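# Structural overview for review
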Amino acid sequence: MAAPEKSSRAVGAVRQSFAPWNEPGKSPLIRFEKVSKRFGDTLAIDDLTLDIFEGEFFCLLGPSGCGKSTLMRMLAGFEQLTNGRVLLAGEDIAGVPPYRRPVNMMFQSYALFPHMNVEKNVAYGLVQEGMRRDEIRARVAEMLKLVQMESFAARRPDQLSGGQRQRVALARALAKRPKVLLLDEPLGALDKKLREETQFELMDIQIKLGTTFLVVTHDQEEAMTMADRIAVMDHGRVVQVATPGVIYEQPASRFVAEFVGDVNIVETVVEGGGSGSPWALCAKNDGAALSVDDPDETLERGDAVVVAVRPEKMRVSRERPEGEANVLAGEIWDIGYLGDWTVYRVRLDDGAIMRVTRANATRFTERPLDWEERVFVSFAPDAAVILTK
Amino acid sequence: MALRDRIGRALILGAPFAWLGVFFLLPVGIVLKISLSEQRLAQPPYWPLLDISEGWEGFLAFLADLSLENFLFLWEDDLYVASFLSSLRIAAVATFLLLLIGFPLAYAMTRAPRSWRPMLVAALILPFWTSFLIRVYAWIGILKPEGLLNHWLLSVGLISAPLQIIDTERAVFIGLVYTYLPFMALPLYATLERLDDSLIEAAQDLGASAFKAFWTITVPLAKPGIIAGSLLCFIPIVGEFVVPDLLGGSETLMIGRTLWTEFFGNRDWPLASAVAIVLLVILVVPIVLFREAEARRLEMGR
Amino acid sequence: MRRGLSFFNVTALVFGFAFLYLPILLLMIYSFNESRLVTVWGGFSTRWYGELLRNEQLMAAAWVTLRVAFVTAIVATVLGTMAAIALTRYGRFRGRALFTGLVYAPMVMPEVITGLSLLLLFVAIDVGRGYWTIVIAHTTFSMCFVTVVVQSRLVTFDRALEEAALDLGAPPWKVFFTVTLPLIAPAILAGFLLAFTLSMDDLVIASFASGPGATTLPMRIYSQVRLGVTPEINAASTILIALVTVAVIVAALVTKRSVMRAERGG
């Protein structure tokens, strides 16, 4: 793999050709402009600016309490801003009450009205709009068809399974054809298998309707699968906005690298190279040198950095690999067999634990690595990312 | 199951069952029996119960003695019909007033900061723990012609002559609303408290104004509380004695008072029993409804 | 977050609670009034409290009321707790519908009917009416309130705790006394206090159930109130209210502490 270019290519993006954020002069559908939100003494959103474009499937990803839900609820109109502006299609929506905003939300709890059947639930927003009755009926039927719930129209929410409720909630939120659909942890209440299926269904529906989707989630897998772009949030700030591929392969900070996927971290200092050269040599704390690409060419000798390497980009072998730039010796500490993958936890001679995964490409390995066996962990210079913060 | 556990089980169920059977069910049966017998001037002032020593003959004689005379009398005498109708009307109006006052109060309590709420609930329950009689009595001093309310209104200059409030139906309504407010507000609070906030948000998100969300979501979902609270007030108010007796004066007709007078004043026990039976029959439907509602509420709490 | 007090809500709270408390407060204030006239403030005085203490009839009635309430509360708590256990734990036993009906009916039954029917029972079986008949009458309706209070606690009770005790080898009766009872104790205490105050409070049923020998405080107060408002009754009421308030607050604190302890332990 060549050194990645600085501009975000659509690495790993869902739709390679869809990248409105790269079109110069294109104005966003949603703009959060220097937004702050204070609850008492705590700053939930801290001077945040973010653009979301029409037709995007956008994910706000972050640990609980990072402010992602608050940001979404600002757009829905349930939270007031302390500072800044929220623009929807170029207009400040500060004074618009929730019920007048062209934005609908799928609640985390689904918030289906327990005293109304599925049909009434889906029709609720349309009734508020004052739509004609036959139109409502047609729209409800269309929505239920979209989420494959036609045969459940007369059921009450408590007679539905979790997955069915999720579909009804989706249909209800989409019925008014909102400009933006907000989804608060849309798959959080579903079990793993259903969650994966539903992810793909949500993507299909989004592409079919062309509606802008804004999803809040703490589940990085969910975000990676569905989103065109992801904004990773931490402590009320956006720490990186990029396509899933860039987020994963070129995390902007140690927080992003650790939050999205697994990563091995080595804290070290730049010793050789640097200053305009395409690679840097870093001393590991036991003295062994690492050689890592520095595509941005910004490192200086003496910089404190962390080297981050994804487990699947490392190799573990019984013999010392020839011609490999970075080789670390250690012994097998733990083995986790996952079926498709095997996870090795290797204890290096300096005591650090490295996590290395290996795809189980063949059904049987002749002599599988065993516990406490001496091994070598290796990775290429372009497999690692150097992070300064 | 071990024998000891079986005995324990039988005791735990048997003791309260037996108590309520002897001291609640049986007495109601006796009331029914006496309502069908005739008054006599003696102690006890009615013809005696079934005499088992006379066997089958006695039982037949007992059946032959039963008469519907008391009930016919009730039906023919305007006083009783009027008392029943007036009780039902007063109870219905009072329940409506209670709902009108209790709902905003209960709703406001659920909107209060979470840390205040236990205190507000305690404050709502506390008057309930203090004597009913005293609470009614407190209003006499306020409402009577030379009472505090008139005194204050006169001194402020809002009125020029004392208002006659006590000994009217207005005083009865004030007293009823006052004494029964916790019974209405608490079940309402309990259901409104459980109401998921995101349902209201969802309604607003779908285009309903706060007012509309209230009527289409909050009120329908508070229905169990509204029903429980209303029945919890309506049923005892129909048979209420203390409030109309102390605040209502002679012009307020309520069946509880009529029964009391019949019993203690005229010593016509069979007629009083007949009044009680009719009252019971009128209240059976709301009582059954209340029981159902309670059972559902407990079921939901699970 | 959106939960907040609007102007409307604040108004509802202020008026609601003012309505509930002002009459009681006024009554208490005027119990310290020197003047016999209830509406004229004649200066602060505890004179009526003194007269109250010298009123032997009232004192005797108070003593009867306390004794009745105490015994009633004990019996009603035991029976009511049993009924609550039966209703929540015994599933669908025969006669359940009747039993549930018997538990709920006395709570909403108009007092005049309950009183009348019990009186007729006592006359029919020819027992002398007095202290014990009042206790029986009060127990009958107050045990149902105990049942409801305890039942609502049992419904939310985590059955796994009992199952764990059984699993660890405790027989059911032991599980009840070592696990269930301590955990529902706050509800039982609340039930006891409820039964106590219901009994202390009752006028109508006691009037039917009592005989010449036993007059309760509400009966005595009622017969005086019919003659008009007197500062002496205000003083008696104030003492009653103060007693109940203190009892309720103490109970609330005890309950809160034990609930907190239980929660920390669980």
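Here the structure is a predicted model, which means the values were calculated and not measured.

## So, the packing of aromatic side chains
Residues and elements named next belong to chain B. Across all of its chains, the model carries 33 aromatic pairs over all chains by this definition. Taking the centre distance of 5.6 Å and the plane angle of 85 degrees together, the rings of tyrosine 107 and phenylalanine 214 count as edge-to-face. Here the residue tyrosine 107 occupies a position in helix H4 (residues 78–111), and phenylalanine 214 occupies one in helix H10 (residues 210–221), the gap between them amounting to 107 residues. Their ring planes at 10 degrees and their centres at 4.7 Å tell us that phenylalanine 263 and tryptophan 269 sit as a pair that is stacked.

## With respect to the pattern of salt bridges
Under the defined criterion, the tally for this structure stands at 26 salt bridges over all chains. Among the ionic pairs, Asp245(B) bridges to Arg257(B), the shortest N-O distance being 3.3 Å. Pair noted here: Asp245(B) is in helix H12 (residues 242–247) and Arg257(B) is in helix H13 (residues 255–265), with a separation of twelve residues, a long-range link. You can call Asp245(B) buried: its relative accessible area is 10%. Using a relative accessible area of 16% as the deciding quantity, one classes Arg257(B) as buried. Put simply, Arg226(C) and Asp245(B) hold a salt bridge, and the shortest N to O gap is 3.8 Å. Pair noted here: Arg226(C) is in the loop between helix H10 (217–225) and helix H11 (231–265) and Asp245(B) is in helix H12, and the two residues belong to different chains. What emerges from the salt-bridge pattern is a single network uniting Arg73(A), Glu79(A) and Glu201(B).

## Some points on the side chain of Lys68(A)
Residue and element names in this part refer to chain A. With respect to the element layout, lysine 68 can be found in helix H1 (residues 68–76). Here lysine 68 is buried and forms no salt bridge, its nearest opposite-charge partner glutamate 185 lying at an N-O distance of 4.1 Å. A polar side-chain atom of lysine 68 sits 3.1 Å from the main-chain carbonyl oxygen of glycine 62. Apart from the residues lying within four places of it in its own chain, the contact partners of lysine 68 are Leu60, Leu61, Gly62, Pro63, Glu185, Val216, Thr217, His218 and Met233.

## Some details on H10(B)
When the terminal C-alpha atoms of H10(B) are compared, their 15 Å separation across twelve residues agrees well with the 16 Å that a helix rising 1.5 Å per residue should span. Within the span of H10(B), buried status applies to Ala213(B), Ile217(B), Thr218(B), Val219(B) and Leu221(B). Looking at the buried residues of H10(B), the elements they touch are helix H2 (118–129) of chain A together with H4, helix H8 (169–194), helix H9 (197–205) and helix H11 (223–238) of chain B.

## Description of the interface of chain C and chain B
Between chain C and chain B, the contact holds 86 residues from the first and 99 residues from the second. Taken over both partners, the interface formed by chain C and chain B buries close to 8,500 Å², and the fraction arising from carbon and sulfur atoms is 79%. Remark: the boundary between chain C and chain B carries one salt bridge. At the boundary of chain C and chain B, one finds seven residue pairs in polar contact (both at pLDDT 80 or more). Broken down by element, the side of chain C that touches chain B gets its largest block of residues, 14 residues, from helix H1 (residues 7–30) of chain C. The residue inventory of the side of chain C that touches chain B, partitioned by class, reads 63 nonpolar, 19 polar and four charged.

The rules behind the values
- As a convention, each chain's residues are numbered from 1 in the sequence order in which they are written.
- All chains are assigned letters beginning at A, and all ligands numbers beginning at 1, according to the order in which they are written.
- pLDDT decides what is reported in this predicted model: residues at 70 or higher carry local features, side-chain atom pairs at 80 or more are listed and counted, and totals for whole chains, interfaces and linings draw on all residues regardless.
- No hydrogens and no water enter the side-chain calculation; it runs on all heavy atoms of the structure.
- Each Phe, Tyr or Trp ring, with Trp reduced to its six-membered ring, pairs with another whose centre is within 6.5 Å; inter-plane angles below 30 degrees give stacked pairs, above 60 give edge-to-face pairs, and intermediate values give tilted ones.
- A run of H or I in DSSP becomes a helix once it reaches four residues, and a run of E becomes a strand once it reaches two; helices and strands are each numbered from the N terminus.
- By salt bridge we mean one thing: a side-chain nitrogen of Lys or Arg within 4 Å of a carboxyl oxygen of Asp or Glu.
- Each residue is placed in one exposure class: buried if its accessible area under a 1.4 Å probe, protein chains only, is under 20% of its type's maximum, exposed if it is over 50%, and partly exposed if it falls in between.
- We count Lys and Arg on the positive side and Asp and Glu on the negative side, and we leave His and both chain ends out.
- By the criterion applied in these results, polar contacts are pairs of N or O atoms within 3.5 Å in which, for protein atoms, one can donate a hydrogen and the other can accept it, and in which residues neighboring in sequence qualify only through two side-chain atoms.
- Whether two residues are in contact is decided by their heavy atoms: any pair within 4.5 Å suffices.
- Expected span of a helix, by definition, is 1.5 Å for each gap between consecutive residues, and there is one gap fewer than residues.
- Buried area: the accessible surface (1.4 Å probe) lost by two parts on joining, summed over both.
- All amino acids are sorted into three groups, where Ala, Val, Leu, Ile, Met, Phe, Trp, Tyr, Cys and Pro are nonpolar, Asp, Glu, Lys and Arg are charged, and the leftover types, Gly among them, are polar.

Coordinates in, geometry out; function isn't part of it.
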